[in-house]
Amino acid sequence: MLEDGRTFRGRSYGAEGTALGEAVFATGMTGYQETITDPSYARQLVVQTAPHIGNTGVNTDDAESRRIWVAGYIVRDAARRPSNWRSERTLDEELAAQGVVGISGVDTRAVTRHLRERGAMKAGIFSGADAARPDSELLADVLAQEPMAGARLAEEVSVEASYLVEPKDHGWDGEPRFTVAALDLGIKSMTPVRFAERGVRVHVLPASATLADVTALSPDGVFMSNGPGDPATADVQVELLRDVLDTGIPFFGICFGNQILGRALGFGTYKLRYGHRGINQPVLDRRTGKVEITSQNHGFAVDAPLDGPVTAPEARFGRVEVSHVSLNDDVVEGLACLDIPAFSVQYHPEAAAGPHDSAYLFDRFVDLMGSSKTDASKIKESL
C-alpha cells in the first residue's frame, strides 16, 4: 500500500508481517543479492523491475554486507526453485531467515510507472494476519512513519569497530603501495577489495570516526563510501571532511561520499523525485567525453552548477567543477576539485553488481595519492 492509497495485492514472500519504508524501484536485470545486501537500501521497500527474481538463489560469497538491509522486497515472478551451481539456498528462505517481509505476484511494472509519475513515497507491505486488517488502518500505519528526507541512517548501518583489508588477501603480490582510511557510511564489501586488488591497504572506520582516528593511521588517502539517508543530516562527516581537505590528504568519495564532498565545499543537496537505482544508468565523463554505464543507488543529489569551473562556496577549497553528469536527467554525478586533491562520483564504481566501466576511478585515486606523495616529498626536500 502506497501513501496515496494505491494498493497492489499479491502473495507473501519471505517473512510474514509488516514492512514499512520508502518505496523505490531498482532497474537491474541481475544482482538481486547484491541489491538487498547494499546498506544504501536501509529503510526502503525495493521494487525489482526485472520480472524474474530468485532464479540463481543466494550464496554466502555474493552478499555485499553482513545482512539484508532492504526494509521490504517487492517482486513479480519469484522463482519456484533456484538453478545455479553456486546456490546455497533460495531467496525466499533467506528473506524469511532474516525477517524481511516481501510480496510476489505484483505487477511491478505498474508500481514502477506509478512511482515514476508521482515520485518515491511512503509505503507498507502487509502479509499474514496483518493483511486482514482494514485498509484504513494499514494506510494510517504507512502515513505515520518517518519520511526519508531528514533521516540520519549512516550510523545505523556502519560497523561498530574498525577492520583491515590487506592487499595480500586479494591477489596483490608485494608490499602495499598506499594506506587508505575508509569511512563506512554503508560501505559495500567489494569496495575495499577493489582498492586491495591495486595494492592499497584499507582501514575501514565507523561512521563516527574523528580526525584523530583518521590521522592516527597516517593514511595516504581518505575515502568516504556510499550509504543511506539524507546527506543534510551528515554534519559530523561534513566537518570531518573539511578538516581532511584542510590537511591536504587526497580524498575520494562515492555516492553518499559525493554528497558529503558537495556539502563540505559549500553546495546544497536535494531529494530526487524517484532517484537512480540499478546497474544500467548512463553517465557522461565530461573530461574524456566517454559514456559509462554505471551502478547507482541514491535518492539525493548535489546542487552544484553544471557550468564550471566555479569557486566553491567554501572559498578556501578553491575551484571545483562537475566532472560527471547523468544522461537521463542532467543530475550531478561527480565533482572534481582543481586546487586540492579531491574528487567524487555519485555512483558505485565497485560494480557489485554491475558493469566495470568505472573501475578506472580506483586507478585515478591511486595516481592521485602517488602524485600527492611525490609532491610532499619534493616540498620536504626543498625545506
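Refer to the structure printed above.
So, a few notes on the structure that sits alongside this text. Sequence positions are assigned chain by chain, starting from 1 and proceeding in written order. With pLDDT at 70 or above as the cut-off, local features in this predicted model cover only qualifying residues; side-chain atom pairs require 80 or more to be listed or tallied, and sums for whole chains, interfaces and linings still use all residues. Hydrogens and waters are ignored; side-chain quantities use all the structure's heavy atoms.

### With respect to the packing of aromatic side chains
Side-chain rings of Phe, Tyr and Trp (the six-membered ring for Trp) are treated as a pair once their centres are within 6.5 Å; stacked means planes under 30 degrees apart, edge-to-face means over 60, and tilted covers the remaining angles. Scanning all chains against the criterion turns up 10 aromatic pairs. For the ring pair Phe 25 and Tyr 274, a centre distance of 5.6 Å and an interplane angle of 35° mean the geometry is tilted. In this pair, Phe 25 is assigned in strand 2 (residues 18-26) and Tyr 274 in strand 14 (residues 268-285), connecting sequence segments 249 residues apart. Three labels apply to residues, based on accessible area from a 1.4 Å probe with only protein chains included: buried if under 20% of the type maximum, exposed if over 50%, partly exposed otherwise in between. A relative accessible area of 7% means that Phe 25 is categorised as buried. Owing to a relative accessible area of 23%, Tyr 274 belongs among the partly exposed residues under this scheme. Considering the side-chain rings of Phe 252 and Phe 365, the 5.4 Å spacing of their centres and the 45° angle between planes classify their relative orientation as tilted. Here the residue Phe 252 occupies a position in strand 13 (residues 251-254), and Phe 365 occupies one in helix 10 (residues 360-382), the gap between them amounting to 113 residues. Per residue, the accessibility class of Phe 252 equals that of Phe 365, and both read buried. Charge-over-ring placement is defined geometrically: NZ (Lys) or CZ (Arg) within 6 Å of the ring centre, and within 35 degrees of the ring normal. Over the aromatic face of Trp 69 sits the side chain of Arg 67, whose NZ or CZ is 4.0 Å from the ring centroid. The way it works is that DSSP assigns letters per residue, a run of H or I at least four long becomes a helix, a run of E at least two long becomes a strand, and they are numbered from the N terminus.

### Topic: the pairing of strand 7 (residues 101-104)
Every second residue of strand 7 is oriented toward a common face, with Val 101 and Ile 103 on one face and Gly 102 and Ser 104 on the other, all of them buried. Strands pair, by our definition, only if DSSP identifies at least two bridges between them. Sheet topology note: the strand 1 (residues 11-14)/strand 7 ladder contains four bridges and is antiparallel. Its bridge partner lying in strand 7, Arg 11 is registered against Ser 104. The pairing of strand 5 (residues 72-74) with strand 7 spans three bridges and is parallel. In the sheet register, Tyr 73 faces strand 7, and the bridge partner there is Gly 102.

### Let's talk about the side chain of Glu 333
With respect to the secondary-structure elements, Glu 333 resides in strand 18 (residues 332-337). Put simply, Glu 333 is tucked away with no salt bridge, and the nearest opposite charge, on Arg 277, sits 11 Å away. Polar contact is defined as a pair of N or O atoms within 3.5 Å, subject to the rule that within protein one atom must be able to donate a hydrogen and the other to accept it, and that residues adjacent in sequence are counted only when both atoms are side-chain atoms. A polar contact is formed between the side chain of Glu 333 and the side chain of Gln 296, at a distance of 3.4 Å. With residues up to four places along the chain from it excluded, the contact list for Glu 333 reads His 276, Val 283, Gln 296, His 298, His 324, Val 325, Ser 326, Ser 344, Val 345, Gln 346 and Tyr 347. Just so you know, the count uses Lys and Arg for positive and Asp and Glu for negative, and it drops His and the chain ends. Here a salt bridge means any side-chain nitrogen of Lys or Arg lying within 4 Å of a carboxyl oxygen belonging to Asp or Glu. Whether two residues touch is decided by their heavy atoms; if any such pair falls within 4.5 Å, the residues are in contact.

### Some details on the pattern of salt bridges
Under the defined criterion, the tally for this structure stands at 25 salt bridges. For Asp 62, the salt bridge identified is with Arg 86, shortest N-O distance 2.9 Å. Remark: Arg 86 occurs in the loop between strand 6 (77-78) and helix 2 (91-97) and Asp 62 occurs in the loop between strand 4 (52-53) and strand 5; sequence separation between them is 24 residues. Judged by its relative accessible area of 21%, Asp 62 falls in the partly exposed class. The exposure class of Arg 86 is partly exposed, given its relative accessible area of 29%.

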